[in-house]
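Next come the chains, spelled out residue by residue.
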Amino acid sequence: MEATIEQDGTGRRALVLAATAVLVFVADQVTKALVVANIGYGERMPVLGDVVMLWHVRNTGAAFSLFPGATWLFIPVHLLAIVLVGWFFLQFRRRGPWIHVVLGAILAASVAHLVDRVRQGYVVDFVSVGIGDLRWPTFNVADSTLVVGIGILVLYLTFFDGRDRGREST
């Protein structure tokens, strides 16, 4: 069995996924800890004037603060996302390593949100972009990684997956 796994590169791809997941998870947790330690809850700190600010908030809802107070509703969603990453990994185990980087990023974001919700009952958000009161919903490293990762995965499935399958069979 081990020889089969190494022959098709699954072990190396799993390592790429795991390394990406660990790096993104650590970056997310460290940045949140720094915000909590250095910026009081509800306080704002300008980074680029009013356009980009650090703003320590607690999100008990979903992305973009939708459904506030529904923290426990999202725990099964995070668990499902983790299972789906495993399924996608098995489906894409022979694809190039970049798709495993994307899956690792999605995995890290899902685990980070799950850990935060179970441990604290909320997720710390801190990046605020906008002008005055016209602002994008506050987010964090895991949020941005999740959005970009899912976007890339959707583009891959929509435009490239069929081409990759055709190359595999030849």
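Here the structure is a predicted model, which means the values were calculated and not measured. Along each chain, the written sequence defines residue order, and numbers are assigned to residues from 1. Owing to the predicted nature of the model, reporting of local features is limited to residues with pLDDT of at least 70; listing and counting of side-chain atom pairs is limited to 80 or more, with chain, interface and lining totals taken over all residues. Calculated side-chain values reflect all of the structure's heavy atoms, with hydrogen atoms and water omitted.

K.L.:
How do you make sense of the nonpolar core when you look at a structure like this?
P.N.:
Generally speaking, soluble globular proteins have nonpolar side chains that are buried together. Within this scheme, the nonpolar core is defined by two criteria: the residues are buried Ala, Val, Leu, Ile, Met, Phe, Trp, Tyr or Cys, and they are joined through side-chain atoms within 4.5 Å. Any residue under 20% of the maximum accessible area for its type is buried, any over 50% is exposed, and the rest in between are partly exposed; the area is computed with a 1.4 Å probe on protein chains only. Core analysis: the biggest nonpolar cluster contains 16 residues, and Leu17, Val85, Phe92, Leu103 and Leu153 have the highest contact counts within it. Numbering of helices and strands runs from the N terminus; a helix is a DSSP stretch of H or I covering at least four residues, while a strand is a stretch of E covering at least two. For this core, the secondary-structure elements that each account for two or more residues are α2 (10-38), α3 (71-91), α4 (97-120) and α5 (141-169). Broken down by element, the residue count for this core peaks at 7 residues, all from α4. Working rule for contacts: check all heavy atoms of both residues, and any pair within 4.5 Å makes them a contact. Ignoring any residue separated from it by four or fewer positions in sequence, one finds Leu17 in contact with Val85, Phe89, His100, Leu103, Gly104 and Leu107.

K.L.:
Just to check I follow, could you spell out α2 for this structure?
P.N.:
Spacing of three or four residues puts side chains on the same side of an α-helix, whose turn is 3.6 residues. How far a helix is expected to stretch is found by multiplying one less than its residue total by 1.5 Å. The terminal C-alpha atoms of α2 lie 42 Å apart, and with 29 residues this matches the ideal 42 Å at 1.5 Å per residue to within 8%. Buried within α2 we find Thr10, Arg13, Leu17, Thr20, Ala21, Val24, Asp28, Gln29, Lys32 and Val35.

K.L.:
I would appreciate a short explanation of the pairing of strand β2 (residues 52-59) in the present structure.
P.N.:
It is a general feature of regular strands that their side chains alternate between the two faces of the sheet. Two strands pair if DSSP finds at least two bridges between them. In terms of strand pairing, strand β1 (residues 44-48) meets β2 through 4 bridges, oriented antiparallel. Bridging across to β2, Met45 finds its partner in Leu54. Once β1 ends, the chain turns through 3 residues before running back antiparallel as β2, passing Gly49 with a positive phi of about 60 degrees. The pairing of β2 with strand β3 (residues 123-131) spans 6 bridges and is classified as antiparallel.

K.L.:
Would you take a moment to explain the sheet that holds β2 for this structure?
P.N.:
One key point about sheets: their strands pair by backbone hydrogen bonds, in either a parallel or an antiparallel sense. With antiparallel pairing, 4 strands are arranged side by side in an open sheet as β1-β2-β3-β4. Of all the strands in the sheet, just β1 and β4 (134-135) have a single pairing partner and so form its edges. Comment: axis = line fitted to C-alpha atoms, over the contacting stretch for helices; angle = value between 0 and 180 degrees taken between N-to-C directions. Sheet strands in contact with α2 are β2 and β3, and its direction is about 80 degrees off that of β3.

K.L.:
So what exactly am I meant to see when it comes to the packing of aromatic side chains here?
P.N.:
Pairs of aromatic rings are described using the distance from one ring centre to the other and the angle between the two planes. Whether two aromatic rings pair depends on their centres lying within 6.5 Å, for rings of Phe, Tyr and Trp, where Trp uses its six-membered ring; planes under 30 degrees apart make the pair stacked, over 60 edge-to-face, and the rest tilted. With the rule as written, the count across this model stands at 4 aromatic pairs. Measuring from centroid to centroid gives 5.4 Å for Phe92 and Tyr156, while their planes differ by 85 degrees, and the two rings are edge-to-face. Remark: Tyr156 occurs in helix α5 and Phe92 occurs in the loop between α3 and α4; sequence separation between them is 64 residues. For the pair Phe92 and Tyr156, a shared accessibility class is recorded, and that class is buried. By way of ring pairs, the aromatic residues Trp87, Phe88, Phe92, Trp98 and Tyr156 are connected into one cluster. Working rule: Lys NZ or Arg CZ, within 6 Å of ring centre, within 35 degrees of ring normal, means a charge sits over the ring. For the cation-ring pair, Arg44 lies above Trp55, with the distance from its terminal atom to the ring centre recorded as 3.6 Å. Between Arg58 and the ring centre of Tyr41, over which it is positioned, the NZ or CZ distance is 4.2 Å.

K.L.:
For this particular structure, what's the right way to read a nonpolar patch on the surface?
P.N.:
Residues enter a patch when their relative accessible area is above 30% and they make no salt bridge; the linking distance is 9 Å between like charges and 5 Å between nonpolar side chains (Val, Leu, Ile, Met, Phe, Trp, Tyr). Surface accessibility follows the Shrake-Rupley procedure with a 1.4 Å probe radius. Residue values consider only the protein chains on display as shielding. The salt bridge criterion pairs a side-chain nitrogen of Lys or Arg with a carboxyl oxygen of Asp or Glu, the two atoms within 4 Å. Side chains of Val47, Leu48, Val51, Val129, Ile131 and Trp136 sit close together on the surface and give an oily, nonpolar patch of about 590 Å² of accessible area. Elements that contribute at least two residues to the nonpolar patch include exactly β1 and β3. Of note, Val51 is situated in the loop between β1 and β2.

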